[in-house]
Amino acid sequence: MTHQTAFAALEAAFPGRIERGEAVRAQHGAGDSWHPAALPDAVFMAQSTEEVAQAVRLCADHGCPIVPFGAGSCIEGQVNATQGGLCIDLSQMNKLLRISPEDMDCTVQAGLTRQALNEELRATGLFLPIDIGAHATLGGMASTRASGTMTVRHGTMADLVMGLTVVLPDGQIIRTGGRARKSSSGYDLTHLFIGAEGTLGIITELTLRLSGIPETAKAGLYSFPSIEAATQTVVEALQFGLCLNRIELMDALQVRAINGYNKTKLPEQPTLLVDLAGSEQQVDTDRDTFDALASENGAELHPVNTPEDYSKVWALRHSALYAARGLRPGCKSLSTDVCVPVSELPRILAETGADLDAERIIAPMHGHVGDGNFHLVMLFDEGDAEEKARVQAAHARLVERAIAMGGTATGEHGVGLGKKSYMAAEHGAALELMKLLKRAVDPANVMNPGKIFDL
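A brief structural summary. (Residues numbered from 1 in each chain as written. Predicted model: local features only at pLDDT ≥ 70, side-chain atom pairs only at ≥ 80, totals over all residues. Heavy atoms only, no water.)

By the secondary structure assignment, Met405 is in the loop between α15 (385-404) and α16 (423-427). In this structure Met405 comes out as buried when scored by relative accessible area, which is 7%. As a C-alpha pair, Met405 and Phe374 span 31 residues in sequence and 14 Å in three-dimensional space. Those residues in contact with Met405, other than ones at most four positions away along the chain, are Val340, Pro341, Glu344, Arg347, Ile348 and Glu351. (Helix = DSSP H or I, 4+ residues; strand = E, 2+ residues; numbered from the N terminus. Buried < 20%, exposed > 50% of the residue type's maximum accessible area, 1.4 Å probe, protein only. Contact = heavy atoms within 4.5 Å.)

Before going further, it helps to spend a moment on the sheet that holds strand β14 (residues 271-278). Reading across from one edge, β15-β12-β14-β13-β17-β18-β16 is the order of the 7 strands in this open sheet, with antiparallel pairing throughout. Sheet topology places β15 (300-302) and β16 (332-339) at the edges, where each strand pairs with a single neighbour. Geometrically, the sheet is characterised by an average inter-axis angle of 20 degrees between neighbouring strands, direction not taken into account. Strand direction decides the pairing type here: strand β12 (residues 216-223) and β15, joined by 3 bridges, are antiparallel. Bridging from a neighbouring strand, Leu221 pairs with His302 of β15. Strand contacts of helix α10 (residues 252-262): β13 (244-250), β14 and β17 (365-368), with the helix running at about 90 degrees to β13, the strand carrying the most contacts. Where α15 meets the sheet, its contacts fall on β16 and β18 (373-380), and the angle it forms with β18 comes to roughly 170 degrees. (Pairing = 2+ DSSP bridges. Axes fitted to C-alpha atoms, helices over the stretch in contact; angles between N-to-C directions.)

Bringing the sheet that holds strand β2 (residues 42-45) into the picture now. Overall, mixed pairing links the 4 strands, which are arranged β1-β2-β4-β3 in an open sheet. Two strands in the sheet have a free side with no partner beyond their single neighbour: β1 (18-19) and β3 (66-69). Relative to the sheet, helix α3 (residues 49-61) contacts β2, β3 and β4 (86-89), its axis offset from that of β4 by approximately 170 degrees.

Taking 1.5 Å as the rise per residue, helix α12 (residues 307-318) with 12 residues should run 16 Å; its terminal C-alpha atoms sit 17 Å apart, in good agreement. Its buried side turned inward, α12 meets β12, β13, α10, β14, α13 (320-325) and β17. (Expected span 1.5 Å × (residues − 1).)

One face of the sheet, then the other: side chains in a regular strand alternate in exactly this way. For β16, the buried fraction is high: 7 of the 8 residues fall into the buried class. Here β16 pairs with β18 via 8 bridges, running antiparallel. Its bridge partner being in β18, Ser333 is matched across the sheet by Leu379.

What follows covers the side chain of Glu76. With respect to the helices, strands and loops of the structure, Glu76 is situated in the loop between β3 and β4. It turns out Glu76 is buried and unbridged, and the closest side chain with the opposite charge, Lys419, is 4.0 Å from it. Once residues within four sequence positions are removed from consideration, Glu76 is found in contact with Ser33, His35, Ser335, Thr336, His413, Gly414, Val415, Gly416, Leu417, Gly418 and Lys419. (Lys, Arg positive; Asp, Glu negative; His and termini not counted. Salt bridge = Lys/Arg side-chain N within 4 Å of Asp/Glu carboxyl O.)

This is how it looks when you write it as structure tokens:
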């Protein structure tokens with residue numbers, strides 16, 4: 001059987017809705033990454049869980065690969081259709097299905113973005129405390145176990161998803177978890193699908209734990225004489241138990257990029273951006289404590305006293321990726337992330353910085369250092385094979401360094417295509433159990449094949 005027989009069956013089931021044009025296929029064949037595009041053979045814009053299930057059943061009957069798609073913002077090629085097949089786009093499934101302010105939870109369709117959800121929740125005094133740079137869909141965020149700047153306080157998507165509706169590779173619909181705040185009932189299937197990157201099934205609905213919008217939030221901006229001084233301040237602040245909501249670090253090169261991109265004049269030194277949230281009295285007291293810790297480590301303090309200043313600070317941070325790419329217009333960027341225990345941050349940043357300098361690689365760094373996660377935007381000329389090879393080799397050493405320090409190959413970007421080769425080193429024999437689970441749930445290997453690992 002060929003993919004064409006699957007598409008004939010899909011056309012019969014969904015007349016006029018199976019898109020085969022090159023433009024729409026190209027829109028769904030690559031994320032925001034350096035990996036070469038790989039287009040699906042067709043795209044289906046699903047509008048309900050039942051439609052997803054019907055499309056999956058038809059694909060399974062004909063052995064046609066399936067690639068789930070949300071907003072396409074992925075970094076590691078998770079949406080690249082390396083074996084062709086059908087891309088199922090869930091972005092039109094974007095409804096807030098239920099909200100329970102009393103229980104501080106809600107149920108959403110997978111195509112709803114976090115920004116749209118928080119806009120709808122605003123009047124309730126609740127929000128979903130996940131703050132990533134992209135306009136990502138919530139199903140995709142669960143599939144890659146996304147986190148972002150607020151992880152230091154609120155955790156990742158894995159901590160906030162209470163239950164899921166999932167379409168399995170044979171088209172069966174299952175519901176995992178529920179609305180109870182805890183359960184000792186059976187296997188934790190909800191977390192089996194979180195971070196599975198669509199390789200075990202397609203998430204179509206999510207039940208999410210929400211948080212109250214804090215009474216007040218204030219920021220701080222601090223320039224340090226060195227990366228070591230900045231990371232030492234982070235370690236001390238975490239040990240003090242301050243009401244920290246976000247702790248973001250940018251190296252001097254990243255600050256230079258932000259200045260150029262935003263026409264700002266920050267000192268081009270290692271810089272911490274800090275967000276504290278809670279009651280006004282607690283926030284003011286804790287910010288004074290952080291000011292003192294930063295000063296003791298040689299920091300220059302930059303006042304952030306108004307709501308407008310607060311918004312500007314975080315707008316600068318969210319421009320980091322595009323600002324970094326602006327350092328070499330026209331070049332490609334290998335954007336990557338690793339995560340290590342917080343105490344290892346000074347060492348890995350020092351060793352990585354020395355490596356990049358020795359290799360003459362331009363790679364601004366920014367990161368969510370409150371949880372040990374940082375990003376590099378490694379710039380290279382796509383037409384310069386030697387430079388590209390140096391960048392890829394330096395990237396490999398970065399990941400190996402992180403794993404050796406008890407860390408992980410990826411804190412939030414996911415594995416996809418880009419981090420597959422490091423999974424054995426990180427997981428050992430546990431990787432074989434992952435493959436066993438994949439074979440059990442998806443014996444025909446039709447669900448996002450080739451991602452995370454090869455069977």
